[in-house]
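So the chains spell out like this:
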Amino acid sequence: MAHAPQAKYRNDYQSPSHEITDLDLTFDLHDTETLVTAVSQVKQLQESATLFLDGENLNLKGVEVNGEQWSHYQQVDGGLELTELPKQFELTITTLINPEANTALEGLYKSGGAFCTQCEAEGFRRITYYMDRPDVLARYTTKVIADKEQFPFLLSNGNRIAEGDLSGGRHWVQWQDPHPKPAYLFALVAGDFDVLRDQYVTQSGRNVALEIFVDKGNLDRAHHAMTSLINSMKWDETRFNLEYDLDIYMIVAVDFFNMGAMENKGLNIFNSKFVLANEKTATDTDYLGIEAVIGHEYFHNWTGNRVTCRDWFQLSLKEGLTVFRDQEFSSDLGSRAVNRIGNVRIIRGPQFAEDASPMSHPIRPEKVIEMNNFYTLTVYEKGSEVIRMMHTLLGEVAFQKGMALYFERHDGTAATCEDFVEAMEDASGVDLKQFRLWYSQSGTPTVTVTSEYDASSLTYALTIEQKTETTQDQSEKYALHIPFDIELYSSNGDVIELRCNNQKISNVLNVTQDKQTFVFENVAEQPVPSLLREFSAPVKLEYAYSDNELIFLMVHARNEFARWDAGQMLLAKYIQSNVEAVRHGQSVTLPDSVVDAFRGVLLSEELEPAFIAEMMSLPSHNEVSGWYKCVDVDAIALVLKAIKLTLATELEDEFSAIYHSLEQGEYSVDHAAIGKRSLRNMALQYLAMTEKGNELVQLQYQKANNMTDTIAAMSAANSAQLACREDLLKDYSSQWKHDGLVMDKWFAIQGSNPGENALEVIRESMAHEAFSLKNPNRTRSLIGSFLNMNPVNFHAKSGEGYRFAGEILREMNSSNPQVASRLIDPLLKFRKYDEERQALIIAELESLKAMDNLANDLFEKVTKALES
Ligand code: TRP
Ligand code: ZN
């Protein structure tokens with residue numbers, strides 16, 4: 001490292017020295033030399049006549065103040081310092097940039113043949129010198145000039161106000177966005193596309209033109225995105241009373257994109273993965289992902305754009321809230337239980353793992369080196385859980401009152417997390433003083449519950465203790481306000497009313513102390529408690545359930561989530577005891593009573609197929625690893641496989657009956673059909689492990705009339721290492737080798753291949769014509785799945801998995817540090833493995849640290865990991 005990058009602290013926030021009321025941009029687009037002219041109307045807000053503008057990788061061509069060349073400036077590290085400025089002036093900055101050389105995909109770059117931008121979080125400073133901070137809001141006009149034949153579509157935020165032709169085959173279009181916005185919401189696109197058009201009439205009767213831009217030839221893959229957009233607009237009106245505020249809403253799908261999608265005002269830019277789908281190319285999971293991401297970016301129009309963030313430490317203000325909104329959207333449109341289960345799996349798996357890692361941080365971080373490193377599961381998913389807890393504490397009506405007050409107070413401004421909580425508090429009268437700790441405290445609390453029934457007094461006491469272990473970023477932890485949702489059942493499955501101090505009380509207990517006891521009265525018999533219903537807080541629950549109690553809850557709990565959770569706890573007990581057994585050289589066993597409980601689930605006639613599929617899916621290797629301080633990779637893999645095989649063998653008849661009864665003729669993507677496919681393909685996964693597996697999987701692959709069934713066959717063949725695996729993969733590749741997005745599923749299967757020669761095949765796959773390390777989707781599919789979904793090979797004792805990861809990371813450090821920084825995460829957790837493995841991983845981290853061009857993104861993570 002030449003010199004260590006500087007950290008920023010939340011507490012150092014200072015309000016801007018100047019405001020910029022208007023920004024007029026002109027882009028003269030050329031592949032390697034694009035000229036950007038930025039004309040700002042600037043007003044001094046504080047004493048100082050010095051103005052600092054952020055800028056990176058820019059070639060400065062001119063600085064003018066009020067139309068005169070200005071010489072009182074200095075190019076400094078990370079920007080431009082202008083001095084001796086008047087109190088109010090027009091500033092003209094001209095810069096030259098090279099979009100074609102931009103492989104980091106931040107700022108202005110080329111994706112395929114098109115120009116596009118990505119400005120969040122701090123990409124605008126790679127376009128021009130500017131106050132690139134979210135609390136500087138300006139009205140933008142943007143003129144885009146480019147070759148007309150190559151780039152017939154020239155797009156930017158807001159409404160199109162003028163256009164014209166120029167000499168030399170060039171043309172221009174000018175856009176105006178009436179809503180003041182921070183630079184991170186700026187967008188520009190120039191290219192040749194097919195356009196899917198529709199329209200939406202808002203609840204107040206305004207007409208909005210909807211346009212989705214996709215690569216030529218892909219129009220038949222844009223319809224689900226359009227349907228999802230219309231559903232989002234409708235839902236936000238119905239549930240949140242929020243209406244769209246421009247006359248046009250555009251979405252552009254691009255192949256090169258670092259993240260999922262971006263909510264630029266009026267001009268969303270999407271990773272094509274979250275737009276393009278038809279039944280031949282996309283799985284049900286892809287369809288649901290598109291619905292969620294289209295919703296997410298649309299919902300940002302209010303939570304993010306109309307009210308934005310004061311500074312980047314407040315990121316969860318828009319992201320946690322918008323994830324909450326997109327989760328509610330998916331739950332209202334589909335199955336609430338299945339959605340909740342999916343979201344909880346993410347928290348209990350990768351988010352808890354992040355909390356326990358060297359990168360642990362609160363949902364509102366205190367210290368940041370590279371902002372791109374904080375678009376995390378903690379800020380997004382745990383952030384959403386924090387919003388959800390407020391929703392639980394306030395109820396829907398008061399929560400919506402809080403939302404309305406939040407908009408009334410902060411519309412058109414840059415706000416803080418504190419502003420949001422205050423609005424919720426003021427609108428509801430609920431005291432959230434202690435609750436605010438969820439914003440500042442990192443780590444996962446463990447909630448330990450014990451119970452005592454007293455038959456003589458007919459009382460039942462629950463003693464609830466909470467403890468948050470220290471994390472690398474924080475040594476002191478305090479008791480949180482935990483909404484703890486419970487229900488008590490009598491032995492015949494009836495709900496027992498909750499009474500305390502002679503009063504009926506709510507199901508949601510307010511746990512606020514390190515340790516407290518709740519005594520329930522009038523309890524006629526020893527009850528079975530259902531605890532942390534709906535996962536009412538992002539905590540680890542510990543309660544010594546007996547097998548019988550869990551089996552009882554799997555059947556009798558009044559809500560589906562609680563039934564699923566009981567099943568997961570039952571599995572967890574046997575995964576843990578078997579891991580211990582295996583470590584002592586014993587074999588894996590599963591009692592008949594447990595097998596029978598799952599047989600009961602499979603035979604149930606009242607449960608939805610999609611829900612049964614969730615009940616039958618074991619926790620992932622990653623989730624199980626999170627239960628241990630020291631992870632035995634091979635023992636966990638062996639136990640999970642053996643338990644799955646036991647269920648497959650014992651329940652073969654039931655799985656087989658389900659598999660055959662759920663065969664569907666015509667393909668459709670409604671939720672009922674998706675649910676049936678997911679249960680049928682879950683059955684296939686188990687059946688793949690039985691004698692008939694190879695034949696069945698091969699047949700499904702041949703007969704599949706949709707991508708969901710195709711991929712289900714391929715991944716069953718992959719995880720069970722069936723004889724047909726090779727043939728299926730070959731056939732798929734020959735069919736799809738020209739379509740990168742479709743090939744991503746193939747790359748992901750190669751990456752997660754549990755077979756012994758996996759790494760060799762992965763290296764070969766990197767030479768596949770569809771593969772490129774320059775494309776983040778390809779990289780995540782092949783390399784990301786090897787690092788995250790192939791525990792046994794990635795953690796091979798030989799260290800070859802780690803060395804491979806190191807090689808890739810050193811290469812990606814220069815080409816695309818943002819993607820590199822996401823890939824590195826599994827290596828940061830090296831303290832959880834045995835000493836030999838630790839040494840091997842440390843060697844790779846040290847070799848990264850020694851690089852003289854190490855990017856800030858990796859610097860921040862590598863140094864934190866090596867300090868652990
Ligand atoms: N705001 C985007 C979202 O809602 C996140 C995002 C997209 C992003 N592209 C990015 C963040 C690039 C950082 C860098 O989900
Ligand atoms: Zn977002």
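Residues numbered from 1 in each chain as written. Chains lettered and ligands numbered in written order. Predicted model: local features only at pLDDT ≥ 70, side-chain atom pairs only at ≥ 80, totals over all residues. Heavy atoms only, no water.

Per the secondary structure count, the protein chain includes 27 helices and 35 strands. In terms of overall size, the protein chain behaves like a compact globule, its C-alpha atoms giving a radius of gyration of 28 Å where 868 residues would be expected to give roughly 29 Å. On the principal axes, the C-alpha backbone points of the protein chain span a range of 90 × 65 × 60 Å. Sorting the 868 residues of the protein chain into buried and exposed places 61% on the buried side. In the protein chain, the share of contacts with a sequence separation of at least 24, taken over all contacts with a separation of at least 6, comes to 70%. Accessible surface, the protein chain as shown: approximately 33600 Å² in total, 47% of it carbon and sulfur. Across the protein chain, the mean location of the 79 positive side-chain charges is 1 Å away from that of the 126 negative side-chain charges. (Helix = DSSP H or I, 4+ residues; strand = E, 2+ residues; numbered from the N terminus. Rg over C-alpha atoms; globule rule 2.2 N^0.38 Å. Buried < 20%, exposed > 50% of the residue type's maximum accessible area, 1.4 Å probe, protein only. Contact = heavy atoms within 4.5 Å. Areas by Shrake-Rupley, 256 points an atom, 1.4 Å probe, with all protein chains shown as cover. Lys, Arg positive; Asp, Glu negative; His and termini not counted. Charge placed at Lys NZ, Arg CZ, Asp CG, Glu CD.)

A word on unusual backbone geometry. For the bond from Glu-120 to Ala-121, the omega torsion is -5°, close enough to zero to count as cis. By the secondary structure assignment, Ala-121 is in the loop between strand E11 (114–118) and strand E12 (138–147). Its identity as a non-glycine residue notwithstanding, Asn-522 has a phi of 65°, on the positive side. Positive phi, normally seen in glycine, also occurs at Leu-532, with a value near 55°. Here Leu-532 shows up in the loop between strand E34 (528–530) and strand E35 (540–542). We classify Leu-532 as buried; its relative accessible area is 2%.

Around ligand 1, 16 residues are found, and the nearest of them are Glu-120, Ala-261, Glu-263, His-296 and Gln-818. Glu-120 places a polar side-chain atom, nitrogen or oxygen, 2.5 Å from a nitrogen atom of ligand 1. At 3.1 Å from a nitrogen atom of ligand 1 is found a side-chain nitrogen or oxygen belonging to Glu-319. Elements with a contribution of two residues or more to the shell around ligand 1: strand E20 (261–262), helix H2 (284–299) and helix H3 (315–333). Here the residues of the shell around ligand 1 are counted per class, giving 6 nonpolar, 5 polar and 5 charged. (Near = heavy atom within 4 Å. Polar contact = N/O pair within 3.5 Å; in protein donor to acceptor, adjacent residues only side chain to side chain. Nonpolar A, V, L, I, M, F, W, Y, C, P; charged D, E, K, R; others polar.)

What follows concerns the side chain of Asp-236. Looking at the secondary structure, you find Asp-236 in helix H1 (residues 223–240). Beyond its immediate sequence surroundings of up to four residues, Asp-236 is in contact with Asn-241, Leu-242, Tyr-298, Phe-299, Trp-302 and Arg-325.

A few words on the coordination of the zinc ion (ligand 2). For a metal with four donors in a tetrahedral arrangement, the ideal angle between donors is 109.5 degrees, while six donors in an octahedron ideally sit at 90 or 180 degrees. Here the zinc ion (ligand 2) is held by the protein donor atoms His-296 (NE2), His-300 (NE2), Glu-319 (OE) and Glu-319 (OE), which lie 1.9 to 2.7 Å from it. Each donor residue of the zinc ion (ligand 2) belongs to the same chain, and together they define the spacing H-x3-H-x18-E. Linking His-300 in the loop between H2 and strand E22 (308–309) with Glu-319 in helix H3, this pair joins segments that are 19 residues apart in sequence. Look at Glu-319 and you get buried, because its relative accessible area is 1%. (Donors = N, O, S within 2.8 Å, 3.2 Å for Na, K, Ca; no water.)

Let us look at the UniProt feature "domain: Peptidase M1 alanyl aminopeptidase Ig-like fold" (unreviewed entry) in the protein chain. Mapped onto this structure's residue numbering, the UniProt feature "domain: Peptidase M1 alanyl aminopeptidase Ig-like fold" (unreviewed entry) falls at residues 443–543. For residues 443–543, helix accounts for 0% and strand for 49%, while the C-alpha atoms at its two ends are 20 Å apart. (UniProt positions renumbered as here; feature names shortened; annotations may be inferred.)

Moving on, we get to the sheet that holds E11. Spatially, E10-E11-E16-E13 is the arrangement adopted by the 4 strands of the open sheet, whose pairing is antiparallel. The open sheet has two free edges, formed respectively by strand E10 (107–111) and strand E13 (153–156), since each of these has just one partner strand. The sheet shows a mean angle of 20° between the axes of neighbouring strands, direction not considered. Alignment of E10 against E11, held across 5 bridges, turns out to be antiparallel. If you follow Leu-108 over to E11, its bridge partner there is Thr-117. (Pairing = 2+ DSSP bridges. Axes fitted to C-alpha atoms, helices over the stretch in contact; angles between N-to-C directions.)

Here we take up the nonpolar core. Phe-484 and Phe-520 are the most contacted members of the largest nonpolar core, which totals 280 residues. Among the elements that make up this core, the one with the highest residue count is helix H5 (residues 377–410) (14 residues). Among residues more than four places away in sequence, those in contact with Phe-520 are Leu-458, Thr-459, Tyr-460, Leu-462, Ile-486, Leu-488, Leu-498, Arg-499, Cys-500, Ile-505 and Leu-509. (Core = buried A, V, L, I, M, F, W, Y, C linked by side-chain atoms within 4.5 Å.)

Moving on, we get to helix H10 (residues 592–603). An ideal rise of 1.5 Å per residue puts 16 Å on 12 residues; H10 measures up with 16 Å between its terminal C-alpha atoms. Elements in contact with the buried residues of H10: helix H8 (547–556), helix H9 (560–583), helix H11 (609–615), helix H13 (633–650) and helix H14 (652–661). (Expected span 1.5 Å × (residues − 1).)

A separate point is the pairing of strand E7 (residues 73–76). Two strands pair when backbone bridges link them, and E7 and strand E8 (residues 79–82) are joined in this way by 4 bridges, in the antiparallel orientation. If you follow Gln-74 over to E8, its bridge partner there is Glu-81. The loop that links E7 with its antiparallel partner E8 comprises 2 residues; one of these, Gly-78, has a positive phi angle of about 80°.

With that out of the way, let us pick up the packing of helix H26 (residues 835–849) against helix H27 (residues 856–867). Two measures define how a pair of helices packs: the angle their axes make with one another and the distance between the axes. Between H26 and H27, the shortest axis-to-axis distance is 10 Å and the interhelical angle comes to 140°. Of the possible angle classes, the one that applies to H26 and H27 is oblique. Our pair here, H26 against H27, has a crossing hand that is left-handed. Side by side, H26 and H27 meet where Ile-842, Leu-845, Glu-846, Leu-848 and Lys-849 of the first sit next to Leu-858, Val-862, Thr-863, Ala-865 and Leu-866 of the second. (Parallel < 35°, antiparallel > 145°, perpendicular 65-115°, else oblique. Left-handed = near helix turned anticlockwise from the far one by under 90°.)

The next thing to look at is the UniProt feature "domain: Peptidase M1 alanyl aminopeptidase C-terminal" (unreviewed entry) in the protein chain. Under the local residue numbering, the UniProt record ascribes the feature "domain: Peptidase M1 alanyl aminopeptidase C-terminal" (unreviewed entry) to residues 547–867. Span residues 547–867 is 72% helix and 0% strand, its end C-alpha atoms 42 Å apart.

Quick look at the pattern of salt bridges now. For side chains bearing opposite charge, pairing can occur when the charged atoms are close. With the rule as written, the count across this model stands at 59 salt bridges. A salt bridge links Arg-10 to Glu-366; the shortest N-O distance between them is 3.1 Å. With Arg-10 in the loop between strand E1 (8–9) and strand E2 (18–28) and Glu-366 in the loop between helix H4 (336–355) and strand E23 (367–368), this pair connects stretches of sequence that are 356 residues apart. Between Asp-565 and Arg-348 there is a salt bridge, and its shortest N-O distance comes to 2.9 Å. Taken as a pair, Asp-565 in helix H9 and Arg-348 in helix H4 lie far apart in primary sequence, 217 residues in all. Residues Asp-565 and Arg-348 agree in their burial class; the two are buried. (Salt bridge = Lys/Arg side-chain N within 4 Å of Asp/Glu carboxyl O.)

Along the chain, Glu-867 falls in helix H27. Taking the C-alpha atoms as reference, Glu-867 lies 48 Å from Pro-178; in sequence the two are 689 residues apart.

This part is about the packing of helix H15 (residues 671–687) against helix H16 (residues 693–703). For the pair H15 and H16, the least separation of the axes is 9 Å and the interaxial angle reads 145°. Mapping the contact onto sequence places Arg-680, Asn-681, Leu-684 and Leu-687 in H15 and Gly-693, Leu-696, Val-697 and Gln-700 in H16. Of the residues contributing to the contact of H15 with H16, the split by class is 4 nonpolar, 3 polar and 1 charged.

Next up on the list: the packing of aromatic side chains. Applying the stated rule across the entire model yields 32 aromatic pairs. With centroids separated by 6.0 Å and ring planes inclined at 45°, the aromatic side chains of Tyr-244 and Tyr-298 adopt a geometry described as tilted. Remark: Tyr-298 occurs in helix H2 and Tyr-244 occurs in the loop between H1 and strand E19 (248–254); sequence separation between them is 54 residues. With a relative accessible area of 1%, Tyr-244 lands in the buried category. Judged by relative accessible area, Tyr-298 falls into the buried class, the value being 1%. (Phe/Tyr/Trp six-rings, centres within 6.5 Å; stacked < 30°, edge-to-face > 60°.)

Moving on, we get to the sheet that holds strand E17 (residues 194–201). Pairing in this open sheet of 5 strands is mixed, and the strands run E17-E18-E19-E21-E20 from one edge to the other. Edge positions in the open sheet fall to E17 and E20, since each of these has one partner strand only. Both E19 and strand E21 (residues 267–271) contribute to a ladder of 5 bridges, which runs parallel. Bridge pairing in E21 links Met-250 to Leu-267. Here H1 sits on the sheet and contacts E17, strand E18 (207–214) and E19; the angle it forms with E17, its principal contact strand, is near 20°. Helix-sheet contacts for H2 involve E19, E20 and E21, and the interaxial angle to E21 is about 150°.

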